[in-house]
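Breakdown of the fold
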There are 2 protein chains.
Amino acid sequence: MLKIGYLGMGNRGTYVLGNILDCFKDRVEIAAICDVYEDRVQHGIDMVKEKTGKAPVGTTNSDDVMKMDVDAVMIMAAWEAHIPLAIDAMKAGKLVGMEVAGAYSIDDCYRLVHTSEETGIGCMLLENCCYGKTELAVLNMVREGLFGEIVHCDGGYCHDLRTEVAIGPITKHYRNRNYYSRNGENYPTHELGPIAKVLNINRGNRMVSLVSVASKARGLKEYADAHGKVLRNKLDKGETSVSYYGRNYDFNEDVYNEYVKANSREVKQGDIVNTIITCADGSTITLTLDTTLPRAYSRGFTVKGTKGMYMEDNNSVYIDGDADMEKAHFGWQKYWDNGKEFEEKYRHSVWQKYGEAAATSGHDGMDYMVLSAFFEALEKKKPFPIDVYDAAAWMSITCLSEESIAHGGMPVAIPDFTGGKWAMYKKEDHGLEFALD
Amino acid sequence: MLKIGYLGMGNRGTYVLGNILDCFKDRVEIAAICDVYEDRVQHGIDMVKEKTGKAPVGTTNSDDVMKMDVDAVMIMAAWEAHIPLAIDAMKAGKLVGMEVAGAYSIDDCYRLVHTSEETGIGCMLLENCCYGKTELAVLNMVREGLFGEIVHCDGGYCHDLRTEVAIGPITKHYRNRNYYSRNGENYPTHELGPIAKVLNINRGNRMVSLVSVASKARGLKEYADAHGKVLRNKLDKGETSVSYYGRNYDFNEDVYNEYVKANSREVKQGDIVNTIITCADGSTITLTLDTTLPRAYSRGFTVKGTKGMYMEDNNSVYIDGDADMEKAHFGWQKYWDNGKEFEEKYRHSVWQKYGEAAATSGHDGMDYMVLSAFFEALEKKKPFPIDVYDAAAWMSITCLSEESIAHGGMPVAIPDFTGGKWAMYKKEDHGLEFALD
């Protein structure tokens with residue numbers, strides 16, 4: 001039985017905890033719950049007790065967890081706390097599973113890596129999208145050579161988050177302060193993670209430089225002003241609570257004023273941030289952050305090679321030389337959604353084996369898969385499939401993007417956090433079902 | 001009757017000439033045909049004579065055309081000749097219709113503009129995609145505010161040209177030498193033209209700077225080597241001609257050797273070139289050049305605003321606040337291809353009026369439309385809807401992209417070819433059916 005210290009009981013932390021309790025309680029004991037807010041700690045204790053009959057330790061001080069006898073900590077806290085908590089944990093000898101975020105400085109990324117190297121303790125970035133059903137099927141297609149030599153990949157975090165960002169002062173969500181204080185590719189890993197696996201980043205290849213450019217910021221302000229009027233109306237009608245994403249929040253003149261104050265500042269975060277990354281092998285990656293304009297969700301995953309391509313936004317696979325495909329040259333539409341058949345044919349082994357179990361859990365089963373990967377490595381005492389070098393490299397895109405944008409799109413170097421080991425990489429079989437290399 | 005001197009009888013020139021003779025011979029007289037190759041000149045003379053009964057003047061020297069009494073010249077020559085011929089024509093007092101291409105230097109772009117300003121002679125870039133049925137419908141949607149304030153647009157020239165480029169030594173096509181000598185966004189205007197109209201470039205807005213990054217070059221070489229083997233086989237079987245795009249070309253050991261020699265050089269042009277442009281109003285544009293990997297054709301047109309978005313690659317329109325659309329947040333696929341209905345509703349007046357006539361002509365009717373626009377402005381003696389400032393600004397992206405790529409993605413300034421006039425723009429109604437502002 002793995003003993004886990006669980007840090008962070010906001011939206012994401014609550015969601016993932018439920019997932020663990022539903023799917024992994026035979027393998028995992030949640031030994032401690034920590035959050036800076038007491039009500040959230042109590043909510044976590046209640047959740048665990050209800051599902052297991054046993055109450056975990058509860059604390060608002062993460063140091064308490066670091067002193068406990070747990071195998072690993074899971075970090076679900078606000079973006080700003082991820083790397084500091086991971087460093088504390090590794091120094092305390094705890095293995096780390098860290099939710100995704102972008103980094104605030106290159107120094108943080110280096111400290112993360114060096115702490116892991118010095119302590120010998122691993123840190124896994126819990127990037128669920130690396131285990132997406134489609135992403136893993138496309139990875140299989142790439143590995144089997146379906147697209148030839150890969151030349152370019154696109155990805156995006158295209159998710160209309162205007163509500164979530166605007167209401168941050170009500171829900172205590174960290175995105176609000178980030179959108180009003182920073183301008184950059186603030187959430188790169190959902191799309192970059194799967195691409196990094198396709199392009200063997202840190203395993204024979206690496207990201208060398210990037211340029212990043214932000215558009216003007218218009219969507220959030222327009223939305224926040226309109227939503228402010230909705231809230232004013234609620235107050236005037238005497239409503240004392242508001243509901244978002246199935247949760248109720250106390251609502252009064254003070255909360256309203258906090259909302260207005262927070263959303264009256266100048267939005268710093270551009271609506272669209274485009275980033276182009278160049279890799280050591282000459283392949284390129286584009287990332288698009290698109291979170292404050294109305295749109296449907298997409299991770300914009302595209303893989304282009306010398307023999308064919310995949311595109312998520314119309315779910316198509318195009319293969320060179322196939323007679324039918326040739327006809328598609330000026331009639332692509334005929335092939336939209338043919339990705340379904342390819343996804344079936346190239347389904348990854350973990351989806352074949354665990355797809356049914358995963359289907360009942362969150363985010364199309366990706367959460368189940370990434371948690372399985374983390375727990376498998378812990379149980380087998382093997383290296384994590386998404387390791388501290390991946391975490392540092394992927395998270396560094398955020399602060400490097402901020403730097404490039406601040407310099408008008410200037411190219412900036414992406415550090416080699418592996419210290420040259422990427423070029424010496426040799427694949428090893430650790431017997432992990434959830435390996436990604 | 002407009003008298004036209006016609007320069008350039010390669011693939012595109014031949015195609016457009018056929019279009020003019022089929023659709024506009026009551027309004028337009030082709031008075032002269034010019035090409036550097038005599039056989040092409042003769043072919044042009046034959047085409048005109050067959051359709052009109054009257055042979056035009058034929059010459060291999062463009063100066064002969066400049067001395068003739070024609071209202072305008074149309075330039076269909078190799079990319080390298082567009083601006084030099086346009087300058088010659090304006091100096092000779094001939095109005096200019098110029099096929100699309102990218103520029104080789106900023107100096108060329110300035111000379112084009114200043115020659116027009118000094119002579120008072122206009123120059124229209126014949127960008128057919130500005131008159132695409134979809135592009136004009138989307139422009140109408142933008143003008144009517146359907147997408148709110150426009151924040152970002154994407155476009156691409158995504159067209160598998162491997163055959164066309166590789167066989168250049170056989171067909172005398174200019175693309176071959178360009179792909180082996182340059183690395184940049186070599187064909188920006190098909191996608192940038194319609195975007196520039198959406199964003200009012202040179203008419204209240206302008207492009208200020210760009211960054212451009214190229215991937216490695218793999219697709220063309222892989223294709224050219226494989227096709228070389230096909231050609232070697234043909235030779236070995238004693239074949240004496242090869243056929244491409246419906247035309248026959250003489251084929252022998254010398255032609256084969258030229259093919260091999262040309263395609264044995266190092267490919268300079270990266271397979272994928274991504275460019276990000278920042279505009280004066282803070283909006284951004286991405287351009288993707290994708291011409292040497294297997295894929296289906298797309299111009300990747302995307303428009304994103306504060307109230308909604310359009311995407312070509314799944315032909316979807318997404319509108320904020322519409323209850324059905326809200327449901328699409330995590331189910332975009334349901335809305336794929338709903339663009340058809342929007343395109344119907346927002347159909348542009350020229351497509352309503354001339355769509356049927358255009359349907360019989362080339363490139364989905366776009367050629368008919370752009371030729372109509374050119375001839376209308378000539379007949380009415382009015383300013384061109386795509387003028388010399390548009391030509392210079394759009395074409396400049398090519399050489400600026402080369403510069404940025406050569407500097408590792410360094411941001412480069414895009415000159416203001418209007419000399420400040422963009423900020424003083426006031427829309428005027430010239431009574432042109434084919435106006436774009």
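Report on the accompanying structure. (Residues numbered from 1 in each chain as written. Chains lettered and ligands numbered in written order. Predicted model: local features only at pLDDT ≥ 70, side-chain atom pairs only at ≥ 80, totals over all residues. Heavy atoms only, no water.)

So, the overall build of chain A
Here is the rule we go by: Starting at the N terminus, helices and strands are each numbered in turn, a helix being any DSSP run of H or I of at least four residues and a strand any DSSP run of E of at least two. Put simply, the radius of gyration uses C-alpha atoms, and a globule should come to 2.2 Å times the residue count raised to 0.38. Relative accessible area decides the class of each residue, using a 1.4 Å probe on protein chains only: under 20% of the type maximum gives buried, over 50% gives exposed, and in between gives partly exposed.
When its secondary structure is counted, chain A shows 17 helices and 16 strands. Here the C-alpha radius of gyration of chain A, 22 Å, is about what a compact globule of 437 residues would show, namely 22 Å. Principal-axis analysis of the C-alpha atoms gives chain A an extent of 65 × 50 × 40 Å. Counting across all 437 residues of chain A, residues that qualify as buried make up 63%.

Section: the pattern of salt bridges
Close approach of charged atoms allows side chains of opposite charge to pair. The line we're drawing: Each salt bridge in this description consists of a side-chain nitrogen of Lys or Arg and a carboxyl oxygen of Asp or Glu lying within 4 Å of one another.
In this structure the tally under the stated criterion is 64 salt bridges over all chains. In this structure, Glu 149 of chain B and Arg 218 of chain A form a salt bridge, with 2.9 Å as the shortest nitrogen-oxygen distance. One end of the pair, Glu 149 of chain B, is in the loop between α6 (133–143) and β7 (150–158); the other, Arg 218 of chain A, is in the loop between β8 (207–214) and α11 (219–236), on a second chain. Using a relative accessible area of 32% as the deciding quantity, one classes Glu 149 of chain B as partly exposed. Among the residues examined, Arg 218 of chain A registers a relative accessible area of 32% and is labelled partly exposed. With a shortest N-O distance of 3.1 Å, Arg 347 of chain B and Glu 344 of chain B are connected by a salt bridge. A relative accessible area of 23% places Arg 347 of chain B in the partly exposed class. One network of salt bridges, in which partners are shared, links Glu 149 and Asp 281 of chain A together with Lys 216 and Arg 218 of chain B.

A closer look at the side chain of Ser 316 of chain B
Residues and elements named next belong to chain B. Heads up, the condition is: Any N or O atom pair separated by 3.5 Å or less is treated as a polar contact, with the protein-specific requirement of one donor-capable and one acceptor-capable atom, and with residues adjacent in sequence counted only for side-chain atom pairs. Pairs of residues are marked as contacts when any of their non-hydrogen atoms sit within 4.5 Å.
Along the polypeptide, Ser 316 turns up in strand β15 (residues 316–319). Within the structure, Ser 316 has its side chain in polar contact with the side chain of Trp 332 (distance 3.1 Å). When near neighbours in sequence (up to four residues on either side) are disregarded, Ser 316 contacts Met 309, Tyr 310, Met 311, Trp 332, Tyr 335, Trp 336, Asp 337, Asn 338 and Gly 339.

Here we look at the side chain of Ser 209 of chain B
Tracing the sequence through the fold places Ser 209 of chain B in strand β8 (residues 207–214). Judged by relative accessible area, Ser 209 of chain B falls into the buried class, the value being 19%.

Some details on the relation of the copies chain B and chain A
Which entries qualify depends on this criterion: Least squares is the method for superposing the copies, and the C-alpha atoms it fits come from residues with pLDDT of at least 70 in both.
You can overlay chain B on chain A at an RMSD of 0.0 Å; the transform is a turn of 180° with a shift of 0.0 Å along its axis. A rotation of that kind, with that shift, is consistent with a two-fold axis. A share of 100% of the interface residues of chain B reappears at the interface of chain A, consistent with the copies meeting face to face through the same patch.

A closer look at the interface of chain B and chain A
This is how the line gets drawn: Buried area: the accessible area, evaluated with a 1.4 Å probe, that two parts lose upon being put together, summed over both parts.
Contacts between the two partners involve 59 residues from chain B, matched on the other side by 59 residues from chain A. Summed over both partners, the interface of chain B with chain A comes to about 4700 Å²; 60% of that surface belongs to carbon and sulfur atoms. Along the contact surface separating chain B from chain A lie twelve salt bridges. A salt bridge links Lys 216 of chain A to Asp 281 of chain B, with the nearest nitrogen and oxygen atoms 3.4 Å apart. Inspection of the region where chain B meets chain A yields 22 residue pairs in polar contact (both at pLDDT 80 or more). When residues of the side of chain B that touches chain A are traced back to their parent elements, those giving at least two are β7, β8, α11 (219–236), β11 (272–279), β12 (284–290), β13 (302–305) and β14 (308–311) of chain B.

Quick notes on the state of the cysteines
Residue and element names in this part refer to chain B. Keep this limit in mind: For the purposes of this analysis, a disulfide is any pair of cysteine sulfur atoms at a distance within 2.5 Å.
Enumeration according to the criterion identifies zero disulfides over all chains in this entry. No disulfide involves Cys 279; its sulfur sits 8.3 Å from that of Cys 153, the nearest cysteine. Unpaired in this structure, Cys 399 has its nearest cysteine sulfur neighbour in Cys 109, at a distance of 4.9 Å.

Observations concerning unusual backbone geometry
Residues and elements named next belong to chain A. Positive phi, normally seen in glycine, also occurs at Asn 202, with a value near 70°. Turning to its location among the elements, Asn 202 is positioned in the loop between α10 (189–198) and β8. Judged by relative accessible area, Asn 202 falls into the buried class, the value being 10%.

Some remarks on the packing of aromatic side chains
Stated formally: When two rings of Phe, Tyr or Trp (its six-membered ring) have centres within 6.5 Å they constitute a pair, described as stacked for plane angles under 30 degrees, edge-to-face for angles over 60, and tilted for the intermediate range. Two conditions define a charge sitting above a ring: the NZ of Lys or the CZ of Arg must be within 6 Å of the ring centre, and it must be within 35 degrees of the ring normal.
Inspection of every chain in the model, using the stated rule, returns 29 aromatic pairs over all chains. Aromatic side chains Trp 336 of chain A and Trp 336 of chain B sit 6.4 Å apart centroid to centroid with 75° between the ring planes, which places their arrangement in the edge-to-face category. Remark: Trp 336 of chain B occurs in the loop between α13 (323–327) and α14 (339–345) and Trp 336 of chain A occurs in the loop between α13 (323–327) and α14 (339–345); the pair is interchain, linking two chains. Comparing Trp 336 of chain A with Trp 336 of chain B shows no difference in burial state: the two are buried. Here the aromatic cluster, defined as three or more aromatic residues joined through ring pairs, consists of Trp 79, Tyr 157, Tyr 174, Tyr 187 and Tyr 297 of chain A together with Phe 330 of chain B. Its guanidinium or amino end placed over the ring of Tyr 256 of chain A, Arg 232 of chain A lies 4.9 Å from that ring's centre, counting from NZ or CZ.

Some details on helix α17 (residues 388–406) of chain B
Note that an α-helix has 3.6 residues per turn; residues three or four places apart therefore point the same way. Residue and element names in this part refer to chain B. Note the threshold: Expected span of a helix, by definition, is 1.5 Å for each gap between consecutive residues, and there is one gap fewer than residues. To get the bend at a given residue, fit one axis to the seven residues ending there, fit another to the seven starting there, and take the angle between those axes.
Helix length check: α17, at 19 residues, gives a terminal C-alpha distance of 27 Å against a target of 27 Å (1.5 Å per residue), a fit within 8%. Taken as a whole, α17 carries its principal kink of about 30° at Ile 397. Burial runs high along α17: 16 of the 19 residues are buried. Looking at the residues trailing α17, positive phi occurs at Gly 408, about 70°.

A look at the pairing of strand β5 (residues 95–98) of chain B
Residue and element names in this part refer to chain B. Here is the rule we go by: Only when DSSP finds a minimum of two bridges between them are two strands counted as paired. If the strands point away from the viewer and the path from the first strand over the helix to the second runs clockwise, then the crossover is right-handed.
Pairing between strand β4 (residues 72–75) and β5: four bridges, direction parallel. Residue pairing in the sheet places Ile 75 in a bridge with Met 98 of β5. Between the parallel pair β4 and β5, the chain is carried across by helix α4 (residues 82–91), and the sense of this crossover is right-handed. Of the strand pairs in this sheet, β5 and strand β6 (residues 123–125) are connected by three bridges, and their pairing is parallel. Looking at the pairing, Met 98 lines up with Leu 125 of β6. In the classification by handedness, the crossover that spans β5, the intervening helix α5 (residues 106–119) and the parallel β6 is right-handed.

Describing the sheet that holds strand β1 (residues 2–7) of chain B
Residues and elements named next belong to chain B. Here is the rule: A fitted line through C-alpha atoms represents every axis, and for helices the fit uses only the stretch in contact; the resulting angles, taken between N-to-C directions, go from 0 to 180 degrees.
Across the sheet, which stays open at both edges, the six strands sit in the order β3-β2-β1-β4-β5-β6 with parallel pairing between neighbours. The open sheet has two edge strands, β3 (57–59) and β6, and neither has a second partner. Adjacent strand axes in the sheet meet at a mean angle of 25° when their direction is disregarded. As defined by bridge partners, strand β2 (residues 28–34) adjoins β3 across three bridges and the pair is classed as parallel. Residue Ala 32 lies in a different strand from β3, and its bridge partner there is Val 57.

Examining the packing of helix α1 (residues 11–23) of chain A against helix α16 (residues 366–380) of chain A
Residues and elements named next belong to chain A. Let me state the cut-off plainly: Here the angle decides the label: under 35 degrees means roughly parallel, over 145 means roughly antiparallel, 65 to 115 means roughly perpendicular, and every other value means oblique. Three residue categories are used. Nonpolar comprises Ala, Val, Leu, Ile, Met, Phe, Trp, Tyr, Cys and Pro, charged comprises Asp, Glu, Lys and Arg, and polar comprises the others, including Gly.
Remark: α1 packs on α16, axes separated minimally by 11 Å, with the N-to-C direction vectors making an angle of 70°. Viewed along their axes, α1 and α16 adopt a mutual orientation that is roughly perpendicular. Note on element contacts: α16 touches α1 through Asp 367, Tyr 368, Leu 371 and Phe 375, opposite Arg 12, Tyr 15, Val 16, Asn 19, Ile 20 and Cys 23. Counted by class, the contact of α1 with α16 contains seven nonpolar, one polar and two charged residues.

Describing the nonpolar core
One recurring pattern in soluble globular proteins: nonpolar side chains tend to sit buried together. All names here are of chain B. Worth spelling out the cut-off: We call a set of buried residues a nonpolar core when its members are Ala, Val, Leu, Ile, Met, Phe, Trp, Tyr or Cys and they connect through side-chain atoms within 4.5 Å of each other.
Membership of the largest hydrophobic core comes to 138 residues, with the highest contact counts inside it found for Met 74, Phe 147, Met 207 and Phe 375. By residue number, the principal contributor to this core is α17, which donates eleven residues. In this structure Met 74 touches Ile 4, Gly 5, Tyr 6, Leu 7, Val 16, Ile 20, Gly 97, Leu 126, Leu 371, Phe 374 and Phe 375, once residues within four positions along its chain are discounted.

Focus on the sheet that holds strand β16 (residues 412–413) of chain B
Residue and element names in this part refer to chain B. Spatially, eight strands are ordered β15-β14-β13-β7-β12-β11-β8-β16 in an open sheet, and the strand pairing comes out mixed. Two strands in the sheet have a free side with no partner beyond their single neighbour: β15 and β16. Relative to β13, β7 is paired through four bridges, and the arrangement is antiparallel. For Cys 153, the partnering residue across the bridge sits in β13 and is Val 303.

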